[in-house]
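Results of the structural survey
One-letter residues, chain by chain:
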Amino acid sequence: MSPFPGGFSDLSGSSQQKPYTGHTLDWGRRVQKGMRWCCHLTLRCSGGGDNWANGRGFRGERGEKALAEKMMNGFGHGHNMEEEEVEEEEDYAERRRLESSAHHIYNWKNVHQDLHGWASELDVGELITIPNFSLYDAMSAIELCDVKMDIGLLLKDRKIKSFEEGMERGSLKMDNFLAVEYLAVMERSLANLILWIEGHCLAQTVFTMLYLHKPQQVPDELIRTYCWSLLALCEYVRQIMLDGYVVEEEDFQVTSLALPPSSNADAPTAAALLKSVKSCEETSSKQARKHRSSFKETSLADDDLQSQQWNALAMRFRFLRTLLQFFGSFALRSESFFAEAPQLIDLLEATIEKILAGYKLSEEQFRAAPGFESLVNLHLLPPSFPRHTPATVDGKSFDFFRSLSHQLRIVVSARDRLKTIEGFLFYLRTDGVLLDSALTRSMMQIVIGASLVLKRCSGDAPGKWELISTSDFIADSLRAFSNPPVLMSGFAQYEHHGQMKEYIETFLRSCIASTSVVLRNYGLNKARQRDSLAACLVDLFALQDDAEKFDEYFNAQLAELKLTGLNHTFCFGSWTLTTMLNAMADFLFCGLELQLYANSELHFVYWYLYDVLLHCEVQTISRAESATRENELAWQILHEVNLRGNKKAGGSKKKQNGRTKGSSESVPRPHVLYLARAQTLHHFCGALHYALLALQWQEKIKRPDQSLDCEEFRYYHRLMPFQERNAPAFVDYEQYQQVKSVMARNHVLFVGSSSGENSLDSVSDAYLKSSFNFQQADRHLVLWAKGGEKAILSKLCKRNDVIVRILATGRNCKAVAINFDLHPWFPSLSLL
Amino acid sequence: MDQQEDQFYASADEILHPVGVTTSTNPSSAAGKSSPGRDAIRKLFHRELKVVLVDDRVIIGSFFCTDRDCNIVLGGAREYENEADFAGGKVEPRFIGLVMVNKKNTKAVFVDEKAEDAVEGAK
């Protein structure tokens with residue numbers, strides 16, 4: 001007995017070739033095997049990302065093989081069977097042979113009445129079972145004919161059971177399609193594709209379209225080509241998700257437990273496919289032109305409609321072709337991908353706009369699309385699987401693709417931002433937040449992974465995608481951020497001193513691991529990202545300790561080398577500290593985004609961000625900037641002294657001097673951007689902290705019952721991952737309470753009032769502080785934010801500023817609503 | 001440790017099967033009882049049963065368990081849409097695993113005699 005029902009394409013396929021014996025005991029067994037294959041596949045696929053780094057396409061090596069074959073190999077089953085499994089297989093085959101010889105055909109005897117008679121002898125509540133089988137096992141059984149548990153009842157309602165059955169009975173439309181039917185098929189299957197990309201099961205979404213089961217048997221050319229294109233697209237998507245290696249089970253189902261049998265014959269290659277899609281597009285536009293000209297002659301409304309519909313179809317084929325070209329080129333790691341991609345995206349966006357402006361299908365037309373049966377694969381899925389995914393995206397498919405094309409643009413331009421880690425993380429935190437689909441998140445990881453590789457790999461694929469060695473990347477990042485003297489370009493002459501060179505390499509190596517984890521974090525979904533951030537903090541803490549020790553060591557060495565003026569203090573340290581603080585802040589922001597915190601907890605979450613993390617980050621960035629400047633100056637002076645000492649020609653020195661000065665002035669430091677962003681966030685958090693604190697003092701925020709509540713406990717729970725850290729030191733709840741009381745009491749002392757926190761003065765003081773911070777945030781915002789984010793944050797600043805100033809005047813209102821509808825991190829306040 | 005474990009299980013058993021309640025969820029307690037009907041049922045255990053449901057579906061599975069109300073539990077069950085599908089042998093069954101059929105949804109129950117013959121033949 002197998003608890004793992006399901007089915008596999010190859011299983012059902014193989015059984016069709018064998019003569020059916022009527023004996024099906026092996027079913028559970030086969031299904032179990034199928035499950036194991038599925039696991040193999042997942043494990044094998046998990047290492048898939050390497051292919052790109054080595055410059056091999058998933059189809060590049062063997063040329064452009066038949067897509068359908070890949071589809072079935074990829075989705076259906078793997079080939080690696082462990083030895084143990086092979087042994088089991090032989091054993092099983094032997095048993096199977098004996099069994100089948102014993103009872104080839106069943107010999108049924110009716111025991112219906114007998115059984116009732118025998119059962120009546122049992123006591124009430126007595127269960128008669130095989131050994132080791134209890135009531136609890138029986139409870140897990142599926143109750144047949146129960147509407148909620150038994151999907152067998154639903155299966156009877158299927159209009160078409162399979163492609164073959166539909167074809168034989170004529171219930172599946174095969175030819176003479178109308179333009180509107182083509183449109184409906186496309187629209188509905190694209191909606192299904194989106195559902196799959198968004199995490200539903202493949203068998204219940206894309207493969208509810210029966211034409212996909214046997215595309216080679218579909219006589220209609222447009223539908224056939226469309227089917228192959230869709231299969232190719234599915235394969236590209238699946239491959240990207242596997243290679244990106246950031247999707248979780250809840251984001252995307254890479255493998256499907258069950259797929260309808262399909263043949264791999266006659267699948268066109270990618271190039272041939274693009275050609276046939278192109279010819280379909282031409283056919284459609286020819287039809288559109290024909291109807292347009294006949295409309296001009298006859299002025300029949302039907303001709304006009306037909307022309308619009310064919311035109312819409314041609315646009316959809318063009319869209320499909322562009323999408324295939326884009327993903328095909330991406331999947332094959334084409335050399336020209338990054339050069340071609342912007343034009344392809346332009347074309348994609350233009351086509352989508354035309355589609356959105358063109359002919360629209362009605363709800364009935366959408367539902368009446370031929371060749372769809374939502375329950376067609378249900379019998380292949382486990383009995384406990386959710387019933388079916390309703391096609392709910394009707395008409396919205398191209399809105400999804402519009403958003404997708406925006407995201408693709410971000411992915412494509414990411415490679416140019418991979419100069420320094422700070423710069424890239426800044427890009428990910430600003431533009432990158434738009435990547436809300438698992439597909440684009442995976443693509444981003446692929447671009448990162450394929451652009452940055454460990455040094456040993458870069459030799460294998462020289463020139464491919466302009467690989468940068470990760471250690472060079474880290475060194476560049478450090479140079480740009482805090483300019484450590486030991487990494488300066490002219491420092492090489494001192495490297496033979498002692499162990500310095502080895503130490504530098506050791507530090508860079510230890511940075512690679514944590515950097516790759518940090519970069520990967522941004523590909524994960526929010527919940528996983530939060531967990532991963534908390535986990536990687538431990539490594540970052542250790543790295544920070546190392547960095548400080550290295551800084552001390554290098555400082556001592558610099559003094560020994562008599563390189564006066566060069567200072568290594570905080571050079572490595574501030575870089576690691578910024579990475580760490582960013583990770584800590586992102587941990588809390590992720591919590592806000594996931595809506596984990598109650599309104600009554602927000603004040604200390606924002607306080608920790610404001611007073612501890614972001615405050616420290618602002619200081620660190622400023623310190624790094626000044627260190628960069630000072631070290632550069634000191635280096636120049638040293639250089640000049642050296643030159644003078646060597647009695648070199650003065651002319652060349654002057655020239656060099658002038659150029660260095662000029663370049664340092666003309667190129668604005670990236671710190672300005674990081675600092676502006678950190679300050680904006682810092683003031684935002686401060687503003688919200690003061691506002692929420694004052695609201696709490698005024699009891700305008702609902703708090704848990706005091707007798708059941710322990711804020712201290714919640715404080716430690718929310719900030720748990722930070723507790724092991726001493727720089728920046730973890731701030732205890734007691735200290736936070738002191739800060740709060742100082743704020744309230746300070747004012748009390750000034751005014752001479754005897755009341756504490758709840759006094760009107762300390763409340764209005766907090767509101768005014770909040771208002772000040774909102775204004776500051778707005779001021780810093782313009783320096784770095786752009787587009788939609790700038791507009792939203794600015795709107796939030798202004799709106800909240802007004803509200804807190806109203807509250808500061810002591811105006812009476814019942815309560816204040818806190819809504820995270822505009823921004824996931826910062827709420828908008830409104831009076832009730 | 002073993003003693004403690006035994007005590008734990010003993011107490012857990014008491015909670016799960018309170019004294020005085022006649023429901024014997026523990027198969028071992030029922031195993032002791034014997035009557036012609038019980039023996040006949042025990043003979044059918046592990047044999048293939050074909051249950052025809054009121055909506056004509058055919059369920060084939062290994063007989064595991066039953067009770068006074070003739071609720072039948074089958075293991076490794078397969079479902080055919082109708083008798084013709086089963087007899088035709090061309091349609092793959094749907095694998096549903098462990099299932100329970102109750103009396104009111106059962107139209108007919110068959111047992112596979114062939115298996116018995118094979119077993120007896122082997123003896």
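Parameters and conventions
Per chain, residue numbering runs from 1 following the sequence as it is written. Here chains are named by letter from A upward and ligands by number from 1 upward, in the order in which they appear as written. The predicted nature of this model means local features are confined to residues of pLDDT at least 70 and side-chain atom pairs, given and counted, to a pLDDT of 80 or more, with totals for whole chains, interfaces and linings taken over all residues. Heavy atoms from the whole structure form the basis of all side-chain values; hydrogens and water molecules are not counted. In DSSP terms, a helix is any run of H or I states spanning at least four residues, a strand is any run of E spanning at least two, and both are numbered starting from the N terminus. For every residue, the accessible area obtained with a 1.4 Å probe (protein chains only) is divided by the maximum for its type, and the residue is called buried under 20%, exposed over 50%, and partly exposed between those limits. Contacts between residues were defined by any pair of non-hydrogen atoms, one from each residue, lying within 4.5 Å. Residue exposure ignores everything except the shown protein chains as possible cover, and the areas themselves are Shrake-Rupley values with a 1.4 Å probe. Here the quantity called buried area is the total loss of accessible area, with a 1.4 Å probe, experienced by two parts when brought into contact, counted for both. By definition here, a salt bridge exists when the distance from a side-chain nitrogen of Lys or Arg to a carboxyl oxygen of Asp or Glu is within 4 Å. Distance and chemistry together define a polar contact, namely a pair of N or O atoms within 3.5 Å, with one atom able to donate a hydrogen and the other to accept it when in protein, and with adjacent residues in sequence counting only for side-chain atoms on both sides. Polar here means any residue outside two lists: the nonpolar Ala, Val, Leu, Ile, Met, Phe, Trp, Tyr, Cys and Pro, and the charged Asp, Glu, Lys and Arg; Gly therefore counts as polar. Each residue carries a pLDDT score, the predictor's own confidence in it, on a scale running from 0 to 100. With a 1 Å grid spanning the protein atoms alone, the term cavity applies to any set of points in which a 1.4 Å probe fits but cannot get out, the term pocket to an open set with protein on both sides within 12 Å along at least five of seven lines, and the term lining residue to any residue with an atom within 4 Å of a point. Grid points are joined across faces, edges and corners, and a volume is the space filled by probe spheres set on the points.

1. Quick notes on the overall build of chain A
Counting its secondary structure elements, chain A contains 30 helices and seven strands. Evaluated residue by residue, chain A yields a buried proportion of 54% over its 832 residues. Across chain A, the fraction of contacts at a sequence separation of at least 24, relative to all contacts at a separation of at least 6, is 79%. Surface exposure of chain A reaches about 37,300 Å², of which carbon and sulfur atoms provide 53%.

2. Section: the interface of chain A and chain B
With 57 residues of chain A in contact, the opposing surface of chain B contributes 68 residues. The junction of chain A with chain B conceals about 6,000 Å² of combined surface from both sides, 63% of it contributed by carbon and sulfur atoms. Area buried by chain A at its contact with chain B is led by A:Trp108, A:Ile128 and A:Leu144, which between them contribute 13% of it. At the junction of chain A with chain B, the criterion picks out six salt bridges. The interface formed by chain A and chain B includes 22 residue pairs in polar contact (both at pLDDT 80 or more). It is helix H6 (residues 112-119) of chain A that contributes the most residues to the side of chain A that touches chain B, five residues altogether. Among the residues making up the side of chain A that touches chain B, the classes are represented as 30 nonpolar, 16 polar and eleven charged.

3. A word on the confidence of the model for chain A
Within chain A, residue pLDDT values average 79, and 77% of them lie at 70 or more. Predicted confidence for residues 648-666 of chain A stays below pLDDT 50, and this span has nine contacts to residues more than four positions away or in other chains.

4. Examining empty space enclosed by the protein
Residue and element names in this part refer to chain A. Using the criterion set out here, one finds five cavities of 30 Å³ or more in the structure. In this structure, the largest cavity encloses a volume near 230 Å³. What lines the largest cavity is a set of 18 residues, and nearest its centre among them are Arg-429, Asn-582, Glu-617, Tyr-674 and Arg-677. Listing elements by their share of the lining of the largest cavity, those giving two or more residues are helix H17 (421-430), helix H23 (571-593), helix H24 (602-646) and helix H26 (671-697). The element contributing the most residues to the lining of the largest cavity is H23, with six residues. Class assignment of the residues belonging to the lining of the largest cavity gives a composition of ten nonpolar, three polar and five charged.

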